[in-house]
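Secondary and tertiary structure notes
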Amino acid sequence: MSKTVADVLWEMLAKAGVKRCYGIVGDALNPVVDALRRNGAIEFVAVRHEEYGVFAAVAEAYFTGNPVVVCGTAGPGVVHLFNGLMDARKEGAPIIAIAGDVESSLIDTSTLEELNPYKFFEAASLYTARLVNPEQARAVINTAILTAVLEKGPTVLSIPGDVAAADAPDQPTDFTIPAPAILRPSDTDFEKLVRMIDEAKTVAIFGGDGCREGRDEVVELACKLKAPVGYAFRGKQWLEHENPNAVGMTGLIGYGGAYNALHEADLLLMLGTDFPFSEFLPGAGVKKVQIDKNPKHIGRRTALDLGLVGDIRSTVSALLPAVREKTNGEFLAKQIALTESFHKRLQHYVEKGPATKPIRPEFLAATLSKLASDDAMFFADTGTACIWLARHIYGGKNRRLFGSFSWASMANAAPNAFGCALAYPGRQCIALCGDGGFTMLGMGDLLTQIERRTPVVQVILNNEKYDFVHIEQQEAGFIPSGVEFKNPHFAKVAEAMGAKGIRIEDPQDVREGLAEALAYKDGPVVVDAVVDPFALAMPSHSPFHTVKGFTLSFAKQVLSGRVDTVIKEIERNVGIV
């Protein structure tokens, strides 16, 4: 029996290391899914919402490095893939999307569910192909796989059902995925970099996700240069743990001495980071060097004195023997002292947590961090969950932290955790969910976790509002509006659906409730944690416009009759200002 185009597709994907395909079937995908069934080497994970499936795939692909497939049928199903593919592009996850398409004879007739994949996926896909002829199969599938794996991002194969079911030409399906190339700056630029480092009295390092493979080299360089190491959110899990020079994060969720270190150094080395908040980066008073393997990142956030294209591991490895060791550690000691001082402030509501009601999210997150295993994987929804992840969930050599840090989509944490629970059976996969995000996407596909008895722990920050938006409105000087809603009893809902539900309302029950959730291995757990809706998190450095916005918002709220709300917010945050 001859192979169909769909048979060739799955054969090549399996050879590329694909283990799972997440999605929902539909008529345009029927030949593709039937070939997947016959193939048997790739697991199909049927989800309740395509977007949930893509977020699950993004986390799996990001951490394993292997390509993961997602699929949606023609039209509406394809559209539901888009947000997750944008997340894959921003986070650098090798995702291959199979988009169902109308029959080839109907293309460009505006028939039911027809969508132009080239236009629609332009922003989200590194490579988009419409497979309209079986002769294309090997070439376009090969290109989609290699682009996703080597460029670390999403690609799209749009396949009409009649083409998927057609006989494939007799062509070899073997292909090679090259190992990543070693990339470092030219000798001339490298020598200039060495001179700048040697001539600088003080050096600071600011690292991002690009330090993932060169983590040890960066820490060694920092120690040699007596350089404090700050990091972007995506760099936290690589640069925070076992790093004597770590000084925390900068930005509105920042903490520690990172902001001061970046602004007070003679020379700032920006390593593998595309940190987007330019107002937190130093101006012309600090010399700045940026090193990144992606040329598009160079110089687009701040003016540079030197921009270099190179991967961090090979570039820093070459730097280590080339630069002179610095002996004066006063600058580093100052930034470490600032960091330690800020950490003491961060502990205010952690230490007072057992006696503070409603439950402080700082206390909840810190307790979760202490109870979780050394190789736990944590995932945070966009919003205040990211604040508590950044400040109170501590990483480690084998711990992992993830979220929609660059795309900032809501509702990512639960599906992220689900994807990694499938990829890493036996490891604790913990989702720190906003109540808005969980009700948006996580609640429906809790059923998927239940069906598969996947032991995902979902801790819901139940404060009955879009809390981060509430804070943003105050920063902008507005009276908060449109951010409040009513929640169900999440634990009871979870139990009714077939999951384990735990509700925590009293701070005295936090440790016991979280320990019970982490110990449960027979399926998903929903921890309904009723937290203080007035909790704030002040950054280590607050821009003037932020302080001005809060002041103006408080004044407007008082004048509009919300004086009780303002008083509560001030009273419940006295320890962090």
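Notes on the structure follow. Since the structure is predicted, the reported quantities are computational estimates derived from the model, not experimental observations.

For the structure shown, the criterion picks out 32 salt bridges. Note that arginine 184 and aspartate 187 form a salt bridge whose closest N and O atoms lie 3.6 Å from each other. Since its relative accessible area comes to 33%, arginine 184 is described here as partly exposed. In this structure, arginine 360 and glutamate 362 form a salt bridge, with 2.9 Å as the shortest nitrogen-oxygen distance. Overall, arginine 360 belongs to the buried group, its relative accessible area being 0%. Salt bridges sharing common partners tie together Lys3, Glu11, Lys15 and Asp174.

Each regular strand displays side chains that alternate between the two surfaces of the sheet. The buried count for strand S18 (residues 525–530) comes to 5 of 6 residues, which makes it a mostly enclosed element. Relative to S18, strand S16 (residues 456–462) is paired through 6 bridges, and the arrangement is parallel. Along S18, the bridge assignment pairs glutamine 458 with valine 526. Here strand S17 (residues 500–504) pairs with S18 via 5 bridges, running parallel. The partner of arginine 503 across the bridge, within S18, is aspartate 528.

The next subject is the side chain of arginine 400. Mapped onto the elements of the fold, arginine 400 is located in strand S14 (residues 400–403). Looking at arginine 400, its side chain comes within polar contact range of the main-chain oxygen of lysine 397, at 3.2 Å. Ignoring anything within four residues of it in the chain, the contact list for arginine 400 reads Phe63, Gln237, Trp238, Ala376, Met377, Phe378 and Arg427.

Let's shift gears to unusual backbone geometry. Put simply, lysine 357 and proline 358 share a cis peptide bond, and its omega is 0°. Counting through the fold element by element, proline 358 comes out in the loop between helix H15 (348–351) and helix H16 (361–371). The phi torsion at lysine 226 lies on the positive side, around 55°, for a residue other than glycine. Along the chain, lysine 226 falls in the loop between helix H10 (215–225) and strand S8 (229–231). A positive phi angle is found at glutamate 242, which is not glycine, with a value near 50°. Relative to the helices and strands, glutamate 242 resides in the loop between helix H11 (236–239) and strand S9 (246–249). In this structure glutamate 242 comes out as exposed when scored by relative accessible area, which is 60%.

Spatially, 6 strands are ordered S14-S13-S15-S16-S18-S17 in an open sheet, and the strand pairing comes out parallel. Strands with a single pairing partner mark the edges of an open sheet, and in this sheet they are S14 and S17. Mean inter-strand twist for the sheet, computed between neighbouring axes without regard to direction, equals 20°. The pairing of strand S15 (residues 429–434) with S16 spans 6 bridges and is classified as parallel. Bridge assignment links alanine 431 to a residue of S16, and that residue is glutamine 458. Contacting strand S13 (377–380) and S14, helix H3 (residues 50–64) runs over the sheet at an angle of about 140° to S14. On the sheet, helix H17 (residues 384–392) packs against S13, S14, S15 and S16 and is oriented at approximately 145° with respect to S13.

Next up on the list: the sheet that holds strand S12 (residues 306–309). Picture the strands of a sheet paired through backbone hydrogen bonds; they go either parallel or antiparallel. Judged by pairing direction, the sheet is parallel, and its 6 strands sit side by side in the order S9-S8-S7-S10-S11-S12 without closing on themselves. The two strands at the open ends of the sheet, each matched to only one other strand, are S9 and S12. Averaged over all neighbouring strand pairs, the angle between strand axes comes to 20°, with direction disregarded. For strand S10 (residues 267–271) and strand S11 (residues 287–292), the ladder comprises 5 bridges, and the chain directions are parallel. The residue of S11 that forms the bridge with leucine 271 is isoleucine 291. Helix-sheet contacts for helix H9 (residues 187–199) involve strand S7 (203–207), S10, S11 and S12, and the interaxial angle to S12 is about 130°. Here H10 sits on the sheet and contacts S7, S8 and S10; the angle it forms with S7, its principal contact strand, is near 165°.

Position of alanine 413 among the secondary structure elements: in helix H18 (residues 413–423). Overall, the relative accessible area of 0% leaves alanine 413 in the buried class. Between the alpha carbons of alanine 413 and arginine 301 there is a distance of 28 Å; along the sequence they are 112 residues apart. Among all residues touching alanine 413, those that are not within four sequence positions of it are Phe379, Ala380, Asp381, Ala431, Leu432 and Cys433.

Attention now moves to the nonpolar core. Of all hydrophobic cores here, the largest spans 124 residues; its most connected members are Tyr22, Leu85, Ile95, Leu269 and Phe379. With 10 residues, H3 is the largest single contributor of residues to this core. Apart from residues no more than four positions distant in its own chain, leucine 269 is found in contact with Leu193, Ile197, Val203, Ala204, Ile205, Phe206, Leu221, Leu225 and Val289. One finds Ala6, Leu13, Ile42 and Ala137 within the second-largest nonpolar core, a separate group that totals 35 residues.

Attention now moves to the state of the cysteines. Under the criterion given, the structure shown has 0 disulfides. With no disulfide of its own, cysteine 429 has cysteine 420 as its nearest cysteine by sulfur position, at a separation of 5.6 Å. With no disulfide of its own, cysteine 433 has cysteine 386 as its nearest cysteine by sulfur position, at a separation of 11 Å.

Below, the discussion takes up H17. Across the 9 residues of H17, 9 count as buried, placing the element largely inside the fold. Taken as a whole, H17 has its buried residues at Thr384, Ala385, Cys386, Ile387, Trp388, Leu389, Ala390, Arg391 and His392.

Moving on, we come to the packing of helix H1 (residues 5–15) against helix H2 (residues 30–39). At their nearest, the axes of H1 and H2 sit 8 Å apart, and the two run at 55° to each other. Taken together, the axes of H1 and H2 are oblique relative to one another. The handedness of the crossing between H1 and H2 comes out as right-handed. Contact residues: Ala6, Asp7, Leu9, Trp10 and Glu11 in H1; Pro31, Val32, Ala35, Leu36, Arg38 and Asn39 in H2. Classifying every residue of the contact of H1 with H2 gives 7 nonpolar, 1 polar and 3 charged.

Calculation notes
Residues numbered from 1 in each chain as written. Predicted model: local features only at pLDDT ≥ 70, side-chain atom pairs only at ≥ 80, totals over all residues. Heavy atoms only, no water. Salt bridge = Lys/Arg side-chain N within 4 Å of Asp/Glu carboxyl O. Buried < 20%, exposed > 50% of the residue type's maximum accessible area, 1.4 Å probe, protein only. Helix = DSSP H or I, 4+ residues; strand = E, 2+ residues; numbered from the N terminus. Pairing = 2+ DSSP bridges. Polar contact = N/O pair within 3.5 Å; in protein donor to acceptor, adjacent residues only side chain to side chain. Contact = heavy atoms within 4.5 Å. Axes fitted to C-alpha atoms, helices over the stretch in contact; angles between N-to-C directions. Core = buried A, V, L, I, M, F, W, Y, C linked by side-chain atoms within 4.5 Å. Disulfide = S-S within 2.5 Å. Parallel < 35°, antiparallel > 145°, perpendicular 65-115°, else oblique. Left-handed = near helix turned anticlockwise from the far one by under 90°. Nonpolar A, V, L, I, M, F, W, Y, C, P; charged D, E, K, R; others polar.

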